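One letter stands for each residue in the lines below.
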Amino acid sequence: MSGIYQVINPANESIVTDVDLADLAAVDAAIEKADRAFKTWRTIAPGERAKLLRAFAQEVTNHRQELAMLEVTNSGHTISNALWEADNVANVLNYYSAAPERLFGRQIPVPNGIDITFKEPLGVVGVIVPWNFPMPIAGWGFAPALAAGNTVVLKPAEYTPLTAIKLGEIALKAGIPEGVFTVIPGKGSIVGNRFVTHPKVRKIVFTGSTEVGKSIMAGCAEQVKRVTLELGGKSANVIFADSDLEKAAAAAPGAVFDNAGQDCCARSRILVEKKAFDKFMELFESAVKKFRVEDPSLATAEMGPLISKKQFESVQNYLNEPVAFKGSAPSGKGFWMAPTVLQPKSTDSKSWREEIFGPVVSVMPFEDEADAIAKANDTDFGLSGSIWTRDSAKAIRVSRAIESGNLSVNSNSSVRYWTPFGGYKQSGLGRELGPDALDSFTEVKNVFINTD
Ligand code: NAD
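Just so it is clear, the model here is predicted, and its values are computed rather than measured.

Enquirer: Whenever I open this one, the layout of surface pockets confuses me. Can you help?
Expert: Empty pockets left among the atoms are what a rolling probe the size of a water molecule brings to light. Estimates place the volume of the largest pocket at around 1,200 Å³. Around the largest pocket, the lining comprises 39 residues; the ones closest to its centre are Trp-131, Phe-206, Gly-208, Ser-209 and Val-212. Contributions of two or more residues to the lining of the largest pocket are made by helix H7 (188-197), strand S8 (201-207), helix H8 (210-221) and helix H11 (309-316). The biggest single contributor to the lining of the largest pocket is H8, with six residues. Partitioning the lining of the largest pocket into residue classes produces 17 nonpolar, 15 polar and seven charged. In terms of domain composition, the lining of the largest pocket takes at least three residues from each of domain 1 (3-231 + 427-450) and domain 2 (236-416).

Enquirer: Hey, could you run me through the packing of aromatic side chains in this one?
Expert: Two numbers describe a pair of aromatic rings. These are the distance of the centres and the angle of the planes. The full count for this structure, using the stated rule, is 14 aromatic pairs. Residues Tyr-95 and Tyr-96 carry aromatic rings whose centres are separated by 4.8 Å and whose planes lie at 85° to one another, so their mutual orientation is edge-to-face. Exposure remark for Tyr-95: the relative accessible area of 24% places this residue in the partly exposed category. For Tyr-96, a relative accessible area of 2% translates into the label buried. With centroids separated by 5.8 Å and ring planes inclined at 70°, the aromatic side chains of Phe-284 and Phe-325 adopt a geometry described as edge-to-face. Note that Phe-284 is positioned in helix H10 (residues 277-290) and Phe-325 in strand S12 (residues 323-326), a separation of 41 residues in sequence. Relative accessible area serves as the criterion here: at 0%, Phe-284 is assigned to the buried category. Its relative accessible area of 6% is what places Phe-325 among the buried residues. What links up through ring pairs into an aromatic cluster is the set Tyr-5, Trp-131, Tyr-159 and Phe-357.

Enquirer: Explain helix H2 (residues 46-62) to me, please; I cannot follow it from the model alone.
Expert: Each α-helix turn comprises 3.6 residues. Residues three or four places apart therefore point the same way. Compared with an ideal rise of 1.5 Å per residue, which puts 17 residues at 24 Å, H2 spans 24 Å between its outermost C-alpha atoms and is within 8% of the ideal. Every buried residue of H2 is listed here: Arg-49, Ala-50, Leu-52, Leu-53, Phe-56, Ala-57, Glu-59 and Val-60. Summarising the contacts, the buried residues of H2 are in contact with helix H1 (24-41), helix H3 (64-75), helix H4 (79-97), helix H5 (134-147), helix H6 (162-173) and strand S7 (181-183).

Enquirer: I would appreciate a short explanation of the sheet that holds strand S3 (residues 107-110) in the present structure.
Expert: Note: strands within a sheet are paired through backbone hydrogen bonds, in either parallel or antiparallel orientation. Taking strand neighbours across the sheet as the criterion, the three strands line up as S3-S4-S18 in an open arrangement whose pairing is antiparallel. Bordering the open sheet on either side are S3 and strand S18 (442-450), each of which pairs with just one other strand. In this sheet, adjacent strand axes meet at a mean angle of 25° when their direction is disregarded. Of the strand pairs in this sheet, strand S4 (residues 113-121) and S18 are connected by nine bridges, and their pairing is antiparallel. When the sheet's bridge partners are listed, Ile-114 is paired in S18 with Ile-449.

Enquirer: Quick question: what am I supposed to make of the packing of helix H9 (residues 245-257) against H10 here?
Expert: The geometry of a pair of packed helices is captured by two quantities: the angle between their axes and the separation between those axes. For the pair H9 and H10, the least separation of the axes is 8 Å and the interaxial angle reads 50°. Here H9 is positioned oblique relative to H10, judged by the angle of their axes. For the crossing formed where H9 meets H10, the hand is right-handed. From H9, Leu-245, Glu-246, Ala-248, Ala-249, Ala-250, Ala-252, Pro-253 and Phe-257 reach across to H10, where they touch Lys-279, Phe-280, Leu-283, Phe-284, Ala-287 and Val-288. Residue classes in the contact of H9 with H10 are distributed as twelve nonpolar, no polar and two charged.

Enquirer: Got a minute to help me understand the nonpolar core in this structure?
Expert: A general tendency of soluble globular proteins is for nonpolar side chains to be buried together. Among the nonpolar cores identified, the biggest contains 50 residues, and Phe-56, Phe-142, Leu-154 and Phe-181 are the most heavily contacted of them. Of all the elements in the fold, those that place two or more residues in this core are H1, H2, H4, strand S5 (124-128), H5, strand S6 (151-155), H6 and S7. Here this core spans two domains, and each of domain 1 (3-231 + 427-450) and domain 2 (236-416) adds at least three residues to it. Aside from chain neighbours lying at most four places away, what touches Phe-56 is Leu-93, Phe-142, Leu-146, Leu-167, Ile-170, Ala-171, Ala-174, Ile-176 and Phe-181. In terms of nonpolar packing, the next biggest core, distinct from the first, is built from 35 residues, Val-256, Trp-336, Val-341 and Val-360 among them.

Enquirer: Sorry, what's going on with the pairing of S8 here?
Expert: Regular strands place their side chains on alternate faces of the sheet. Taken across its seven residues, S8 has six buried, putting it largely inside the fold. Note: S5 against S8, five bridges, orientation parallel. Looking at S8, one finds that Val-125 is bridged to Lys-203. With H8 bridging S8 and the parallel strand S9 (residues 226-230), this β-α-β connection has right-handed handedness.

Enquirer: Looking at this structure, how should I read the pattern of salt bridges?
Expert: When the charged atoms of two side chains with opposite charge come close together, those side chains can pair. Per the counting criterion, the structure on display carries 28 salt bridges. Residue Glu-178 pairs with Lys-33 through a salt bridge whose shortest N-O separation is 2.8 Å. Pair noted here: Glu-178 is in the loop between H6 and S7 and Lys-33 is in helix H1, with a separation of 145 residues, a long-range link. Of the residues examined, Glu-178 reaches a relative accessible area of 53% and is grouped as exposed. Given the relative accessible area of 36%, Lys-33 is considered partly exposed. For Asp-35, the salt bridge is made with Lys-200, and the minimal N-O distance between the two is 3.8 Å. Residue Asp-35 is located in helix H1, and its partner Lys-200 is located in the loop between H7 and S8; the two are separated by 165 residues in the primary sequence. For Lys-200, a relative accessible area of 32% translates into the label partly exposed. Each of the salt bridges in this network shares a partner with another, and the network as a whole consists of Glu-32, Asp-35, Lys-39 and Lys-200.

Each value, and the rule that gives it
Residues numbered from 1 in each chain as written. Predicted model: local features only at pLDDT ≥ 70, side-chain atom pairs only at ≥ 80, totals over all residues. Heavy atoms only, no water. 1 Å grid on protein atoms, 1.4 Å probe; cavity = no way out; pocket = protein on both sides within 12 Å on 5 of 7 lines; lining within 4 Å. Points joined across faces, edges and corners; volume = space filled by probe spheres on them. Helix = DSSP H or I, 4+ residues; strand = E, 2+ residues; numbered from the N terminus. Nonpolar A, V, L, I, M, F, W, Y, C, P; charged D, E, K, R; others polar. Domains from an automatic or database assignment. Phe/Tyr/Trp six-rings, centres within 6.5 Å; stacked < 30°, edge-to-face > 60°. Buried < 20%, exposed > 50% of the residue type's maximum accessible area, 1.4 Å probe, protein only. Expected span 1.5 Å × (residues − 1). Contact = heavy atoms within 4.5 Å. Pairing = 2+ DSSP bridges. Axes fitted to C-alpha atoms, helices over the stretch in contact; angles between N-to-C directions. Parallel < 35°, antiparallel > 145°, perpendicular 65-115°, else oblique. Left-handed = near helix turned anticlockwise from the far one by under 90°. Core = buried A, V, L, I, M, F, W, Y, C linked by side-chain atoms within 4.5 Å. Right-handed = clockwise from strand over helix to strand, strands pointing away. Salt bridge = Lys/Arg side-chain N within 4 Å of Asp/Glu carboxyl O.

Have a look at this one:
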């Protein structure tokens, strides 16, 4: 044990519980155990592995209320979001439970024999999770990894270990064998870093900041360790004058203030066609004023507090541009902040360029389609984004031109577990979810059989 972490409820600053943090010896022991478990987990008949994953999914569903309440208390997520998040874990497990029985290779025509390919598991996979969406982000890593026959060691973020610990218990209850899925709470510099340096961890799935992601990628290079990175974002919500402005404006607060803006897909830059700018701002102001920031355990809550005092203070550094208007937030204890709309004077502004990870959005006008595309792409990131227009040809042109992994037209939804998710440029490397995620958790082995 390398110490204790005191979990704080961000909505009222009360102490929730203490969590033991693993030391190096504990991490090494868990990795060794996961490596031993791999030898049997990979040989379990595909249908049996599928059944175990379905049982795991069912057990998550049986605990959905408890998991959701843990997230409300630990992370300040609204109860409606937290229930969606618990259900997302079950859905992703169910989706990938179909994979073990369909992990097909190929038979490739060659002279003098037969050539076949196999998709082999990698071994122990280390999943490193940030604090903003503790449950879904963990599930996007561990569900396909387990389905492909790997074992998993999972490190939750220091702030938000509770649902991950619970998922570890639920897995055992569902019959997943010991060592196949192990949750190791601890520090990034100890547990996360050991995943990178330990030779028996054969792949890292990292979600978090671009800065730490780069150091993980560099660390993985040492062993040519496989790595998937899901990093930061500064996504644009592009609103054309020919769109349904009422709909676009009503949806815009949720697109950036959901989870108090602590969302890698937050549409934190709104670009509005010049001729519709004033009308949009009027509609947007009324939507922001109505956005309900309140006790996250209430069914009506649309936004809760920020995760921590540190995050609250970091967000305050971005308020040096003219404020167009603000919403409201509770006062008193807790890391509360009102949704804030900025109108930066230039695209050089820090609030326009950097990921804020808080309830702050910047709005700027654009001239025409080319200007919208240029402004949307003027960033090192490329994770998400939205395009609002009634012209479907324009929607397709702009979708193809924006350098981003996940775009939605007349919608702000980014995540569907059936479809690939990931970033362009410094928003990441590789894709999670969707039908191809298994490829990130397998090696292709080619075998030639001589028939002469
Ligand atoms: P972070 O990078 O500080 O931490 C992420 C995880 O990495 C934590 O578990 C942390 O303990 C661990 N870590 C820290 N240092 C490490 C090290 N040296 N070696 C190994 N592990 C280490 O990020 P955060 O503050 O927890 O999360 C916020 C960031 O995550 C934002 O930038 C956000 O955009 C990003 N994010 C991206 C996605 C995506 O899918 N692209 C999703 C959610 C969050």
